[in-house]
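Structure assessment
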Amino acid sequence: MPPQWELTLLIGALGAVIGSFLNVCIHRLPRGESLVRPRSHCPACGALIRAFDNVPLLSFLWLRGRCRGCRAAISIRYPAVELLNGLGYVLLWRRFGWTPDALIYGVFFSALVVVTFIDWDHQIIPNRITLPGIVVGLVSAATVLTGSFVDAVIGAALGGGLLYAVAVASEWVLKKEGMGLGDVKLLAMIGAFLGWKAVLVTVFVGALGGSLVGLALMALKLKRREDPIPFGPFLAVGAVSALFAGPELIAWYLRLGA
Ligand SMILES: [Zn+2]
């Protein structure tokens, strides 16, 4: 057992409970539905999900992945999002301890989880996440975060500006929309939370990861060349890499060139 395993479990459980709300956001935000009403229903039979069948992770296990009413399979996506968010919070707590940074980055991490799955499903990144996200990132940097406010402003401007230039250039070269403005606002949000160096790490890791996964999906014949692969999830993975290992990744990259 790792040290302080009771606290680890507690923080993981908190992350899973919030992850359960993130599932609601992922499902309802792109449909323009309210996040609080109505209460959760089975998508197959419409039965209201009772409180004791709505416990993060555990309900999925004791229901064996099926609705209590109609036995329709529940997507593995739901417990996966809960587990991911729980794991993220534990890692943030271990990395940043009892600091405002851990709390703010928890909010940031959860926003990235929601963006990732919505973009993967619908090829959109909701403004209702990225625009408030930019504000929260800048305000946090100006107040409680360890990083500097100037760094955050440069990060947001660089993130937005960099991808906006790519979007305009690719539209001009390819004569079609190569990159959505959702990606532009997402990278601005990432810059606001993490600063300008993290923007470079995010773009590098995101572009590398996106190309590799895109090639793999085409090789496995799961996607065709003309099928869109959303960039948001890869930017999110890049941002999390920068959050946990930004300085190490920069040092490693600079050594490659030396
Ligand atoms: Zn059902």
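Below is a short write-up of the structure. Keep in mind the model is a prediction, meaning the values are calculated, not measured. (Residues numbered from 1 in each chain as written. Predicted model: local features only at pLDDT ≥ 70, side-chain atom pairs only at ≥ 80, totals over all residues. Heavy atoms only, no water.)

What follows deals with the pattern of salt bridges. Counting across every chain of the model gives 2 salt bridges. For Arg68, the salt bridge is made with Asp53, and the minimal N-O distance between the two is 2.6 Å. Pair noted here: Arg68 is in the loop between helix H2 (58-62) and helix H3 (77-96) and Asp53 is in the loop between helix H1 (5-28) and H2, with a separation of 15 residues, a long-range link. With relative accessibility at 40%, the residue Arg68 sits in the partly exposed group. We classify Asp53 as buried; its relative accessible area is 9%. The partner of Arg77 in a salt bridge is Asp121, and the shortest N-O contact between them spans 3.0 Å. Of this pair, Arg77 sits in helix H3 while Asp121 sits in helix H4 (residues 100-122), and the two are 44 residues apart along the sequence. Note on Arg77: relative accessible area 23%, which makes it partly exposed. (Salt bridge = Lys/Arg side-chain N within 4 Å of Asp/Glu carboxyl O. Helix = DSSP H or I, 4+ residues; strand = E, 2+ residues; numbered from the N terminus. Buried < 20%, exposed > 50% of the residue type's maximum accessible area, 1.4 Å probe, protein only.)

With that out of the way, let us pick up the coordination of the zinc ion. At 2.3 to 2.4 Å from the zinc ion lie its protein donor atoms, namely Cys42 (SG), Cys45 (SG), Cys67 (SG) and Cys70 (SG). Geometry at the zinc ion is tetrahedral, judged from the 4 donor atoms that bind it and their angles of 105 to 114° at the metal. Binding-site remark: the zinc ion is held by donors from one chain whose sequence spacing is C-x2-C-x21-C-x2-C. You can see Cys45 sitting in the loop between H1 and H2 and its partner Cys70 sitting in the loop between H2 and H3, a full 25 residues away along the chain. Residue Cys45 is classed as partly exposed on the basis of its relative accessible area, which comes to 39%. (Donors = N, O, S within 2.8 Å, 3.2 Å for Na, K, Ca; no water. Tetrahedral: all angles 85-135°; square planar, octahedral: opposite > 155°, others 65-115°.)

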